[in-house]
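Summary of the model geometry
So you can see what is in the structure, the chains are spelled out below.
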Amino acid sequence: MSSSFFIKKSANSALPKKGRSLATSKRKSNDDVGGNNKSRAKKPNSRLNEEISSDSETEATAAQNEREEEEEELDETPQEKKLRLAKSYLDQLRDEEEKKAEEESFESEWVAGRLQDELLEQKGKLQRSIAKDLLPPDASEIRVLRGHKLPITCLVISPDEKYIFSAAKDCSIIKWDVETGTKLHKVAGGRKGTEARHVGHTTQILCMAISSDGKYLATGDMSKLIIIWEPETCKELCKLKGHKGPVSALSFRTGTHDLYSASHDRSVKVWNVDEKAYVETLYGHQDAITGLDALSRERCVTAGGRDNTCEGLEDNRGVPAGVPRGSIDCIQLINEEHMITGSDDGSVSVWSVNKKKPLSTVKVAHGSFGDAGLEQPHWVASVAALRNSDTVASGCSEEEGLTTGTLNRGRSERTGFINALEFSTSGKFLVAGVGQEH
């Protein structure tokens with residue numbers, strides 16, 4: 001059904017028939033005079049005569065179609081019904097199989113991509129391009145956390161990026177909440193001579209490391225002692241003794257609970273933290289070891305301070321990687337094949353673990369100080385690398401603060417000695433340990 005209407009003036013409906021015929025004759029004479037205007041005058045009236053479909057027409061058509069389908073179903077034979085249901089079932093199965101195939105394809109591609117990334121990471125060839133998008137942080141984006149009484153010497157970030165652990169010369173350890181910046185737990189330092197009854201360190205803490213699964217936290221101090229903690233509760237689990245000098249660097253092997261420790265006694269020791277046991281000792285340096293780092297391979301890289309070498313130690317063998325002019329004081333792996341070092345001559349270098357000369361060096365990376373002709377470079381006190389990327393950071397020993405990005409790319413100034421630097425796993429933030437002395 002369809003309905004239509006015409007628009008008319010109400011006054012015309014009351015006129016007698018004679019009046020209407022007179023009006024009609026007048027319109028005809030006017031039309032004759034107008035000539036070509038006849039068609040133009042009728043166009044707007046034709047729009048008024050258009051039929052407009054109502055909603056009831058659409059509803060009636062849909063209802064009629066449904067009735068026709070029901071009648072067809074009633075008229076079909078049992079065999080035709082079986083055939084129709086079978087086709088419907090097959091279409092449903094086909095849709096489910098296509099959807100399942102799409103999900104499996106996506107999952108297999110994701111797994112293949114993940115395996116490819118892991119393979120490239122093991123080979124040291126995985127690299128994420130991040131530095132080109134870096135911008136110096138605004139002052140409002142920098143948060144300052146205060147809690148230690150003496151300068152911070154080391155820090156780590158938990159693998160889930162929820163917590164920061166820091167240690168200082170006051171022998172204390174603090175656990176911080178990243179989101180709120182609040183202090184969650186503090187292990188106070190003890191006085192020298194109270195080692196037997198005090199829980200924690202009684203001498204300056206020099207280094208710190210956390211396992212890749214966040215199960216263990218390790219700290220080393222000036223009194224040759226390594227303490228293993230439970231990060232969740234900051235509970236002391238055990239003490240590892242064996243070094244003959246201050247413990248200067250610590251690093252867990254990725255994916256394991258094997259711990260590497262370096263000391264001023266020029267040795268590197270390997271520990272199995274699960275078993276709380278000593279494994280072996282590695283030698284190679286002629287001076288106190290100042291830095292150490294390790295990833296997933298069964299080896300570590302070390303910086304030898306004044307013996308002017310950095311080495312890759314594996315199976316009790318030392319592989320010299322370079323001979324810079326100054327003391328190499330800090331080192332960190334970028335990936336399995338490359339590392340970054342900082343020196344007291346102000347240089348920052350990128351090395352290959354298989355070559356004896358640096359691949360790239362920025363001399364006087366943080367500028368210099370002193371009178372004209374007597375300038376001295378700012379000593380690079382700390383370095384950090386965002387794993388498997390093109391982004392590194394270095395911190396110096398004076399007011400300049402730290403440099404972030406690719407070598408010599410960006411700068412952010414903080415007053416004091418940048419004694420420790422650490423990137424979060426995702427690279428969303430960088431943490432610096434700042435003190436008034438190194």
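Above: the structure in question.
Summarised in this report is the structure supplied together with it. (Residues numbered from 1 in each chain as written. Predicted model: local features only at pLDDT ≥ 70, side-chain atom pairs only at ≥ 80, totals over all residues. Heavy atoms only, no water.)

1. Things to note about the overall build of the protein
If you tally the helices and strands in the protein, you get 4 helices and 28 strands. Counting the 438 residues in the protein, one finds 39% classified as buried. Taking the contacts inside the protein whose residues are at least 6 apart along the sequence as the reference set, 44% of them involve residues at least 24 apart. Accessible area of the protein: about 26,400 Å², with a carbon and sulfur share of 49%. (Helix = DSSP H or I, 4+ residues; strand = E, 2+ residues; numbered from the N terminus. Buried < 20%, exposed > 50% of the residue type's maximum accessible area, 1.4 Å probe, protein only. Contact = heavy atoms within 4.5 Å. Areas by Shrake-Rupley, 256 points an atom, 1.4 Å probe, with all protein chains shown as cover.)

2. As for a negative patch on the surface
Together, Asp-95, Glu-96, Glu-97, Glu-98, Glu-102, Glu-103, Glu-104 and Glu-107 line one region of the surface with negative charge. Judged by relative accessible area, Glu-104 falls into the partly exposed class, the value being 45%. (Patch = residues over 30% accessible without salt bridge, like charges linked within 9 Å, V, L, I, M, F, W, Y side chains within 5 Å. Salt bridge = Lys/Arg side-chain N within 4 Å of Asp/Glu carboxyl O. Lys, Arg positive; Asp, Glu negative; His and termini not counted. Charge placed at Lys NZ, Arg CZ, Asp CG, Glu CD.)

3. Some words on the pairing of strand E14 (residues 300-303)
Judged by which residues are buried, E14 turns out to be covered on both faces: Cys-300 and Thr-302 on one side and Val-301 and Ala-303 on the other are all buried. Bridging between strand E13 (residues 291-293) and E14 involves 3 bridges; their strand directions are antiparallel. Pairing of Gly-291 across the sheet is with Ala-303, part of E14. Hairpin connection, E13 to E14: the antiparallel pair is bridged by 6 residues. (Pairing = 2+ DSSP bridges.)

4. A short note on the environment of Ser-261
When you line up the elements, Ser-261 lands in strand E10 (residues 258-263). When the C-alpha atoms of Ser-261 and Ser-248 are compared, they prove to be 7.7 Å apart, with 13 residues separating the residues in sequence. Among all residues touching Ser-261, those that are not within four sequence positions of it are Ile-226, His-243, Val-247, Ala-249, Leu-250, Ser-267, Val-268, Lys-269, Trp-271 and Leu-292. Of the polar contacts made by the side chain of Ser-261, one reaches the side chain of His-243; its length is 2.7 Å. A distance of 2.9 Å separates the side chain of Ser-261 from the side chain of Trp-271, its partner in a polar contact. (Polar contact = N/O pair within 3.5 Å; in protein donor to acceptor, adjacent residues only side chain to side chain.)

5. A word on the sheet that holds strand E11 (residues 267-272)
As a general point, the strands of a sheet are linked pairwise by backbone hydrogen bonds and lie either parallel or antiparallel. The 4 strands lie next to each other as E9-E10-E11-E12, forming an open sheet whose pairing is antiparallel. Since the sheet does not close on itself, it has two edges, and those belong to strand E9 (247-252) and strand E12 (277-283), each with one partner. Averaged over neighbouring strand pairs, the angle between their axes works out to 20° when direction is ignored. (Axes fitted to C-alpha atoms, helices over the stretch in contact; angles between N-to-C directions.)

6. Re the sheet that holds strand E2 (residues 163-168)
One open sheet accounts for 4 strands, arranged E1-E2-E3-E4; its pairing is antiparallel. The open sheet is flanked by strand E1 (152-157) and strand E4 (183-187), the only strands paired with a single partner. Between one strand axis and the next, the sheet turns by 15° as a mean value, whatever way the strands run. In the sheet, E2 pairs with strand E3 (residues 173-177) via 5 bridges, with the strands oriented antiparallel. Bridge pairing in E3 places Phe-165 opposite Lys-175.

7. Focus: the pattern of salt bridges
As enumerated under the stated definition, the model contains 6 salt bridges in all. Here Asp-91 ties to Arg-94 by a salt bridge, and the two come within 2.7 Å at their closest N and O atoms. With Asp-91 and Arg-94 both in helix H4 (residues 78-123) and 3 residues apart, this pair spans about one turn of that helix. What makes Asp-91 partly exposed here is its relative accessible area of 39%. With a shortest N-O distance of 3.9 Å, Arg-297 and Glu-336 are connected by a salt bridge. Taken as a pair, Arg-297 in the loop between E13 and E14 and Glu-336 in the loop between strand E17 (328-333) and strand E18 (338-343) lie far apart in primary sequence, 39 residues in all. We classify Glu-336 as buried; its relative accessible area is 4%. A single salt-bridge network, built from bridges that share partners, covers Arg-297, Glu-336 and Glu-337.

8. Side note on the packing of aromatic side chains
In total, this model carries 1 aromatic pair according to the counting rule given. Here Trp-271 and Tyr-278 contribute two aromatic rings whose centre-to-centre distance is 5.8 Å and whose plane-to-plane angle is 70°, an arrangement assigned as edge-to-face. Here the basic side chain of Lys-175 rests over the ring of Tyr-163, its NZ or CZ set 4.3 Å away from the ring centre. (Phe/Tyr/Trp six-rings, centres within 6.5 Å; stacked < 30°, edge-to-face > 60°. Lys NZ or Arg CZ within 6 Å of the ring centre and 35° of its normal.)

9. Concerning the side chain of Ser-267
When you line up the elements, Ser-267 lands in strand E11. Given a relative accessible area of 3%, Ser-267 falls into the buried group. If we skip the residues at most four places from it in the chain, Ser-267 touches His-243, Ser-261, Ala-262, Thr-281, Leu-282, Tyr-283 and Ile-289.

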